[in-house]
Amino acid sequence: MVRGSGGAFVLVKRLSAALKDGDCIRAVIKSTAINNDGSEKAGYTAPSVEGQSKVILDAIRKSGVDPETIAYIETHGTSTALGDPIEIRALTRAYRQYSDNSGFCRVGSLKTNIGHLDAGAAMAGLIKTVMAVETGVIPASLNYACANKDIDFASSPFFVNDKAYQWESENSVPRRAGVSS
């Protein structure tokens, strides 16, 4: 992970208003969720598995979307020994409420492409995800060779998207992605 600095913004508008106004709609956000697990955190800047899984479950429930139809998760993915295992464990714990299947959802992080933009990182990850949904191309997580030894991808719903992927809609399900940041 390389540090950087940057900023980004997006215009978010209710779908009904965007349709009425004839706006160009790049993606539809089905739900959002936030939390702060306070003293339960793994560290000052790292959430706990429990707190992270709760916020992911909250977003899934609000969306009304079956997690097995989400083909991509843009992770925070800082490539740290502490943060990445927590993030994948939390995502796995949340997804296991809905599915026992493994290896069906790609994960990636924009940080391999442009570095960690600090306060702008989440917005940049959202923009990447919107572009992937819109264009049908999930960019590769660059320089990925092997998983952190503390991440058990084989027993999780997830795998690292290490090559650019042409993303086609399947079984009339629109392209669906999540952002964990």
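Each remark here, short or long, concerns the structure printed above.
What counts as what
- Residues numbered from 1 in each chain as written.
- Predicted model: local features only at pLDDT ≥ 70, side-chain atom pairs only at ≥ 80, totals over all residues.
- Heavy atoms only, no water.
- Helix = DSSP H or I, 4+ residues; strand = E, 2+ residues; numbered from the N terminus.
- Buried < 20%, exposed > 50% of the residue type's maximum accessible area, 1.4 Å probe, protein only.
- Areas by Shrake-Rupley, 256 points an atom, 1.4 Å probe, with all protein chains shown as cover.
- Contact = heavy atoms within 4.5 Å.
- Phe/Tyr/Trp six-rings, centres within 6.5 Å; stacked < 30°, edge-to-face > 60°.
- Axes fitted to C-alpha atoms, helices over the stretch in contact; angles between N-to-C directions.
- Parallel < 35°, antiparallel > 145°, perpendicular 65-115°, else oblique.
- Left-handed = near helix turned anticlockwise from the far one by under 90°.
- Nonpolar A, V, L, I, M, F, W, Y, C, P; charged D, E, K, R; others polar.

So what about the overall build of the chain? Which residues, and what values?
Helix and strand content of the chain: five helices and six strands. Listing every helix and strand of the chain by position from the N terminus yields α-α-β-α-β-α-α-β-β-β-β. By residue count, 36% of the 181 residues in the chain fall in the buried class. Element-wise, carbon and sulfur atoms account for 52% of the exposed surface of the chain, whose accessible area totals about 10,700 Å².

Mind laying out the environment of Ala154, listing which residues take part and the relevant values?
Its location among the elements puts Ala154 in the loop between strand S3 (137–138) and strand S4 (158–160). Looking at Ala154, the relative accessible area reads 67%, which means it is exposed. Along the chain, Ala154 and Gly103 lie 51 residues apart, while their C-alpha atoms are 6.9 Å from each other.

Could you give an account of the side chain of Glu74, naming the residues involved and the relevant values?
Secondary-structure assignment places Glu74 in strand S1 (residues 72–74). Overall, the relative accessible area of 3% leaves Glu74 in the buried class. If sequence neighbours within four positions are ignored, Glu74 has contacts with Gly108, Ser109, Leu110, Gly125, Lys128, Thr129, Gly178, Val179 and Ser180.

Could you give an account of the packing of aromatic side chains, naming the residues involved and the relevant values?
Under the counting rule described, the total for this entry stands at two aromatic pairs. When the ring of Tyr95 is compared with that of Phe104, the centres are 6.2 Å apart and the planes differ by 35 degrees; the resulting orientation is tilted. The exposure class of Tyr95 is buried, given its relative accessible area of 2%. Taking the relative accessible area as the measure of exposure, Phe104 reaches 22% and is therefore partly exposed.

Describe in detail the packing of helix H2 (residues 49–63) against helix H3 (residues 83–95), supporting the description with residues and values.
Where H2 meets H3, the closest approach of the two axes is 8 Å, and the angle between their N-to-C directions is 45 degrees. Here H2 lies oblique to H3, going by the angle between them. As H2 packs across H3, the resulting crossing turns out to be right-handed. Of the residues in H3, those touching H2 at Val49, Glu50, Gln52, Ser53, Ile56, Leu57 and Ile60 are Ile86, Arg89, Ala90, Leu91, Arg93, Ala94 and Tyr95. For the contact of H2 with H3, the per-class residue count stands at nine nonpolar, two polar and three charged.

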